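# Structural description and commentary
As a plain string of letters, each chain reads:
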Amino acid sequence: MSEISNERGSGRRFLDMNGYQWTVVLAAWLGWGFDVFDGMLFNFVAPNCVPTLLHLPIGSPEATKAILQWTGPLTSVLLVGWALGGIFFGKVADRIGRTRTLMFTMMLYAFGTALCAFAPNLWVLGIFRFISALGIGGEWAAGAAMVAETVPEKRRLEAGALLYTSAPIGLFLATFVNLKIAGDWFKGTPEVSWRYVFLSGLLPALVAFLVRIFIKEPERWKTAAATAKPPAIAELFDAKNRPYTLSGFFMAVTALIMWWSCNAFIPVVSSGLAQTAALERGLDAAATLALKEHWKAIASYYFNWGGLIGTLMTVPAAKLLGRRPMFGIYYTLSGAAILCTFGLHLAPEARLAMYFFIGLTVFGVFGSFTYYLPELFPTRLRGTGAGFCYNIGRIIAAAGPILVSIVAKGGSDSAVRTLFWVGFVPLAGLLFLPWVVETKGRELVD
């Protein structure tokens, strides 16, 4: 139980949680929201950042090809660093505690992102993104475990889903910051605006200090850490834990491949659609640039609103149907959303609007991992197990953006055609459902 569990008479409020428990949820919520905010900034600045660092004219055909070529590898660098950081810091969270790990990882990804503003070339940018990714990956495991161990058992699903709503909020914030900086404050100087966008990544550092002041370690973890041996990743594959590890891994890797393949290319697809529309309308260079920034924001807003609603919908789906049927529904609908968005002949504005349904399904399913993965493992292995399952799949998922970049070198039309085939990933993920461990109605294991 949490430190506040003795204050029964003064703290209970909304959803049976007292003030301190809500503070823990808020701290983890901010940590994950800024985590996504920092991780996604490159996607928005790539159309300006990549050509600048390659000394190419922004908006030129050569720049468009370079963006498609480099977006995939640089996204994959983020994913590999995210995976390694998640696995490493998940184990650290089981050794030194959830709160200290949360604080350190937030500082790491905040300063790593800010360093990207000073990158002189794409190789150095990749190094700084890797440093940031280590912190981004580590934050999730610490925050998810901390929330699961602090809130009441019967509110674990609600708290977990609420925790993940910060992901679309983080994307909303990234969209807004990029729109204000690149589309407003520095709209005439796109070759430098992206550097200021990266500097905004320092914001999470302030939250990290607040975590250090107000959040304590969960009593559940302190009790387990005082009596149990240190966790080892090898334990995840012993006879007892292997079914849980495979269950979490299969579901996470399916979701990660489709999410990153779709999300990483939202700015590329929307910018390409805007470029075509601008040519048809006879717009000048300044109006074309403004339309690109506007359509990038529109596509992201649709995706994020869908993700926010889809995240919350995992709660009734998991409670009423169970975890396995919930994954089945989300992956079936994810495949349909992707195939329709990129396979149907649609007007540009309609294709942008279809990102809402991709967000509702592809993004929404991630709301389940913040409660499902902690449910699979005992307290002493919770950070290690959840961090491993959620993040090891990113190494496999890293191939997705690279593959899309290779195939889509022909331009945004090629990217649309390539993304159509991503729709078969969640449908293939349905084949893993027999290995999903059902945790409906089960309490956390100490």
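Anything mentioned here points back to the structure above.
Residues numbered from 1 in each chain as written. Predicted model: local features only at pLDDT ≥ 70, side-chain atom pairs only at ≥ 80, totals over all residues. Heavy atoms only, no water.

Quick look at the overall build of the chain now. Helix and strand counts for the chain stand at 21 helices and zero strands. Radius of gyration (C-alpha) of the chain: 21 Å, near the 22 Å computed for a compact globule of 446 residues. The principal-axis extents of the C-alpha atoms in the chain amount to approximately 70 × 45 × 40 Å. Working note: accessible area of the chain is about 16700 Å², and carbon and sulfur atoms make up 70% of it. Separation of charge centres in the chain, based on 36 positive and 26 negative side chains, amounts to 4 Å. (Helix = DSSP H or I, 4+ residues; strand = E, 2+ residues; numbered from the N terminus. Rg over C-alpha atoms; globule rule 2.2 N^0.38 Å. Areas by Shrake-Rupley, 256 points an atom, 1.4 Å probe, with all protein chains shown as cover. Lys, Arg positive; Asp, Glu negative; His and termini not counted. Charge placed at Lys NZ, Arg CZ, Asp CG, Glu CD.)

Attention now goes to the pattern of salt bridges. Overall, the coordinates contain seven salt bridges when judged by the stated rule. In this structure, the salt-bridge partner of Arg98 is Glu149, at a minimum N-O distance of 2.5 Å. With Arg98 in helix H4 (residues 98–115) and Glu149 in helix H5 (residues 122–150), this residue pair connects regions lying 51 residues apart in the sequence. Side by side, Arg98 and Glu149 carry an identical accessibility label, which is buried. Across the pair Glu158 and Arg155 runs a salt bridge, and its minimum N-O distance is 3.3 Å. (Salt bridge = Lys/Arg side-chain N within 4 Å of Asp/Glu carboxyl O. Buried < 20%, exposed > 50% of the residue type's maximum accessible area, 1.4 Å probe, protein only.)

On to the state of the cysteines, then. Summed over all chains, the structure comprises zero disulfides. Its sulfur unpaired, Cys116 is 8.2 Å from the next cysteine sulfur, which belongs to Cys49. The exposure class of Cys116 is buried, given its relative accessible area of 1%. (Disulfide = S-S within 2.5 Å.)

Okay, the packing of helix H6 (residues 156–164) against helix H13 (residues 285–321) next. Geometry of a packed helix pair, given as the angle between the helix axes and the separation of the axes. The contact between H6 and H13 brings their axes to 8 Å, and the two run at 160 degrees. In terms of axis orientation, H6 runs roughly antiparallel to H13. At the point where H6 passes H13, the crossing takes the right-handed sense. Residue-level inspection shows Leu157, Glu158, Ala161, Leu162 and Tyr164 of H6 in contact with H13, the latter providing Thr311, Leu312, Thr314, Val315, Ala318 and Lys319. (Axes fitted to C-alpha atoms, helices over the stretch in contact; angles between N-to-C directions. Parallel < 35°, antiparallel > 145°, perpendicular 65-115°, else oblique. Left-handed = near helix turned anticlockwise from the far one by under 90°. Contact = heavy atoms within 4.5 Å.)

This brings us to the environment of Phe118. Turning to its location among the elements, Phe118 is positioned in the loop between H4 and H5. With relative accessibility at 58%, the residue Phe118 sits in the exposed group. For the pair Phe118 and Thr105, spaced 13 residues apart in sequence, the C-alpha separation works out to 21 Å. If sequence neighbours within four positions are ignored, Phe118 has contacts with Arg195 and Leu199.

The backbone of His55 shows a phi angle near 60 degrees, a positive value even though the residue is not glycine. When its relative accessible area of 72% is taken as the criterion, His55 is described as exposed.

This brings us to the side chain of Asn178. Among the structural elements, Asn178 can be located in helix H7 (residues 166–185). In contact with Asn178, other than residues within four places in its own chain, are Phe44, Val45, Gly183, Val197, Glu293 and Lys296.

One finds Leu125, Phe327 and Phe369 to be the most contacted residues of the largest nonpolar core, which totals 127 residues. Here this core gets 18 residues from one element, more than from any other, and that element is helix H2 (residues 19–53). When neighbours within four sequence positions are excluded, Leu125 is seen to be in contact with Phe42, Cys49, Leu53, Leu74, Cys116, Ala119 and Phe198. (Core = buried A, V, L, I, M, F, W, Y, C linked by side-chain atoms within 4.5 Å.)

Quick look at the side chain of Lys292 now. Here Lys292 shows up in helix H13. Residue Lys292 is classed as buried on the basis of its relative accessible area, which comes to 15%. Among residues more than four places away in sequence, those in contact with Lys292 are Gly59, Ser271, Ala274 and Gln275.

Within this structure, the stated rule accounts for 30 aromatic pairs. Ring centres of Phe88 and Phe89 lie 5.0 Å apart, and the angle between their planes is 75 degrees; on these two criteria the pair is classed as edge-to-face. (Phe/Tyr/Trp six-rings, centres within 6.5 Å; stacked < 30°, edge-to-face > 60°.)

The subject of this paragraph is the packing of helix H3 (residues 61–96) against H5. Packing of H3 against H5 brings their axes to within 6 Å, and their N-to-C directions diverge by 40 degrees. Note on packing geometry: the crossing formed by H3 with H5 is right-handed. The residue makeup of the contact of H3 with H5, split by class, is 18 nonpolar, eight polar and one charged. (Nonpolar A, V, L, I, M, F, W, Y, C, P; charged D, E, K, R; others polar.)

A few words on the environment of Ala28. Inspection of the secondary structure puts Ala28 in helix H2. Taking C-alpha positions, Ala28 is 19 Å from Arg95, a pair spaced 67 residues apart along the chain. In this view, Ala28 contacts Glu139, Gly143, Met146, Val147 and Leu163; residues no more than four positions away in its chain are not counted.

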